[in-house]
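So the chains spell out like this:
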Amino acid sequence: MGDEVSVERARYDFKKAMQDIVDLRGRGTELISVYVPAHKQISDVTSYLRNEYSQSNNIKSKGTKKNVQGAIESIMSRLKTFNTVPDGGLVLFCGEVAAGGDQTRMVQYVLEPPEPISAFLYRCDSTFFIEPLTDMLKEKKAYGLIVMDRAEASIGLLIGKKVNMIKNFDSMVPRKHRQGGQSAQRFERLIELAAHEFFKKIAHHVEEAFLERDDLQGIIVGGPGATKDFFVKEGYLHHELQKKVVDTFDTGYTDEYGLKELVTNAAASLHDMDLMREKELIQKLLSEIRKQDGGVSAYGEDHVRNLLIAGAVDTLLVSEGLDSKRVKLTCNNGHTREFTAAKVPSKLECNECDSPVEDVESIDLVDHFFELSETVGSKLELISAESEEGDMLIKAFGGIAAILRFQVVL
Ligand code: ZN
């Protein structure tokens, strides 16, 4: 994984930024939105912006002109920090937004969207142009799809409502009819051997396609007849992926159409699974908490953080509804202090001396836990704020709880 930010975290960060952006207003037509698809050259974008900059000389209002040009300049200098456009493209929002009374403040957002940007777009308006992104905010979990029989297999991925075929291939397994000159038994053995090799090949491609995806919620397997069940039951899949198999479903086809058929037939299970997953995690937490000795559970921000750092946390449960910052202050004398607050306080002082605070770092609290859990290799599960379970997590446990690797005696 390295420095890679997990898919879950990238999506959370994106969602969080969008919550801010949607409410921002300019005082004039002066907020700039730029969408850059992956194939676009940075230099092309820069020359486009340079042209917009000179066009903006025609703007009559002095204030608006100044703000538009300031925003364009700021975007251009930000673009310089990129050699190439990231794979999914880039979205930049920049401008002076109203900040109460006569005040304005400059904001700049650079987002790497969770789904690719398809077209270049430049807008200057009194709000940021976010329509192309709103659809990406819907929760989109990935499911692995396999359709197969002994003749053909297809592997695909379901994200949101979209089915993408990843691989399709045929087997060399001969059909089960007698061939001249060979004994029936020997032929039967060859067929089984060929089928075995084919199943191994399917498992290999499935592993290549899915093992590294940390957004994979489950795998569903389809196909006509009993072959798919045999494949699942005999454990051909990598053990990590085997655990993710949700169920098997009958389909008539084993090609791309078969993948779509599979999704249709599994729709009810998939829907329940999204809901079930959160329910199960919270139920597991509650059943541990109910144990007299507290079982392998923990809750409360500080307590969970300490256990996390100690390597005791298996799964961290964090509510998406947490709306706080983790703030770290460093004074001139090098004293540091960390605390959680709804927002960064305006008056900052050192607790240990009279020196002024020199450095203030603040990070979204959920991101703070994403970072910690990545460092120690614990899983972090975001629990939506809307569900009954999510509501309980916030109200009863302050939005942060954990299922532990082992019991910790206090
Ligand atoms: Zn100090």
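Keep in mind the model is a prediction, meaning the values are calculated, not measured. (Residues numbered from 1 in each chain as written. Predicted model: local features only at pLDDT ≥ 70, side-chain atom pairs only at ≥ 80, totals over all residues. Heavy atoms only, no water.)

What is the right way to read the overall build of the chain from this model?
Counting its regular elements, the chain contains eleven helices and 16 strands. Its C-alpha atoms put the chain at 90 × 65 × 35 Å along the principal axes. Evaluated residue by residue, the chain yields a buried proportion of 44% over its 410 residues. A separation of at least 24 residues holds for 69% of the contacts in the chain among residues at least 6 apart in sequence. Carbon and sulfur atoms make up 48% of the accessible area of the chain, which totals about 22,200 Å². (Helix = DSSP H or I, 4+ residues; strand = E, 2+ residues; numbered from the N terminus. Buried < 20%, exposed > 50% of the residue type's maximum accessible area, 1.4 Å probe, protein only. Contact = heavy atoms within 4.5 Å. Areas by Shrake-Rupley, 256 points an atom, 1.4 Å probe, with all protein chains shown as cover.)

What should I look at first to understand the domain arrangement of the chain in this one?
Interface extent is often summarised as the accessible area lost during association of the parts. One can read the domain layout of the chain as domain 1 (2–137), domain 2 (142–272) and domain 3 (279–404). Taking only C-alpha atoms into account, the centre of domain 2 sits 41 Å from that of domain 3. (Domains from an automatic or database assignment.)

Hey, could you run me through the sheet that holds strand β16 (residues 400–404) in this one?
In any sheet, the strands associate via hydrogen bonds between backbone groups, in a parallel or an antiparallel arrangement. With respect to topology, four strands assemble into an open sheet ordered β10-β16-β11-β15, the strand pairing being mixed. Single-partner strands in this sheet number two, and they are β10 (297–299) and β15 (379–383). The average undirected angle you get between the axes of adjacent strands in this sheet is 20°. (Pairing = 2+ DSSP bridges. Axes fitted to C-alpha atoms, helices over the stretch in contact; angles between N-to-C directions.)

Even after reading the chapter, I still don't get the nonpolar core, so can you show me in this structure?
A general tendency of soluble globular proteins is for nonpolar side chains to be buried together. Leu316, Leu317, Val318 and Phe369 are the most contacted members of the largest nonpolar core, which totals 31 residues. Broken down by secondary-structure element, the contributors of at least two residues to this core are α8 (256–290), α9 (301–309), β11 (313–319), α10 (365–376), β15, α11 (388–397) and β16. Contact partners of valine 318, with chain neighbours within four places excluded, come to Val366, Phe369, Leu380, Glu381, Leu382, Ile383, Leu393 and Gly399. One finds Leu157, Phe198, Ile202 and Tyr236 within the second-largest nonpolar core, a separate group that totals 27 residues. (Core = buried A, V, L, I, M, F, W, Y, C linked by side-chain atoms within 4.5 Å.)

Which parts of the structure should I look at to understand the coordination of the zinc ion?
Each angle at a metal carrying four tetrahedral donors should ideally be 109.5 degrees, and each at a metal carrying six octahedral donors should ideally be 90 or 180 degrees. On the protein side, the zinc ion has Cys331 (SG), His335 (ND1), Cys350 (SG) and Cys353 (SG) as donor atoms, found 2.1 to 2.3 Å from it. Counting the intervening residues between successive donors of the zinc ion yields the motif C-x3-H-x14-C-x2-C. Judged by relative accessible area, cysteine 353 falls into the buried class, the value being 19%. (Donors = N, O, S within 2.8 Å, 3.2 Å for Na, K, Ca; no water.)

Which parts of the structure should I look at to understand the environment of aspartate 250?
Note on placement: aspartate 250 falls in strand β9 (residues 245–250). With 16 residues separating them in the primary sequence, aspartate 250 and alanine 266 have C-alpha atoms 9.5 Å apart. Beyond its immediate stretch of four places on either side in the chain, aspartate 250 contacts Gly223, Gly225, Lys228 and Asn265. A distance of 2.7 Å separates the side chain of aspartate 250 from the side chain of lysine 228, its partner in a polar contact. (Polar contact = N/O pair within 3.5 Å; in protein donor to acceptor, adjacent residues only side chain to side chain.)

Looking at this structure, how should I read helix α2 (residues 42–55)?
Residues spaced three or four apart along an α-helix point in a common direction, a consequence of the helix completing one turn every 3.6 residues. Taking 1.5 Å of rise per residue, the 14 residues of α2 would be expected to cover 20 Å, and the 20 Å separating its terminal C-alpha atoms lies within 8% of that figure. Those residues of α2 not exposed but buried are Ile42, Val45, Thr46, Leu49 and Glu52. What you see down the axis of α2 is that its buried residues fit within an arc of 120°, all on one side. Structurally, α2 contributes buried residues whose contacts are with β1 (31–36), α3 (62–79) and β4 (121–125). (Expected span 1.5 Å × (residues − 1). Arc of directions from axis to C-beta.)

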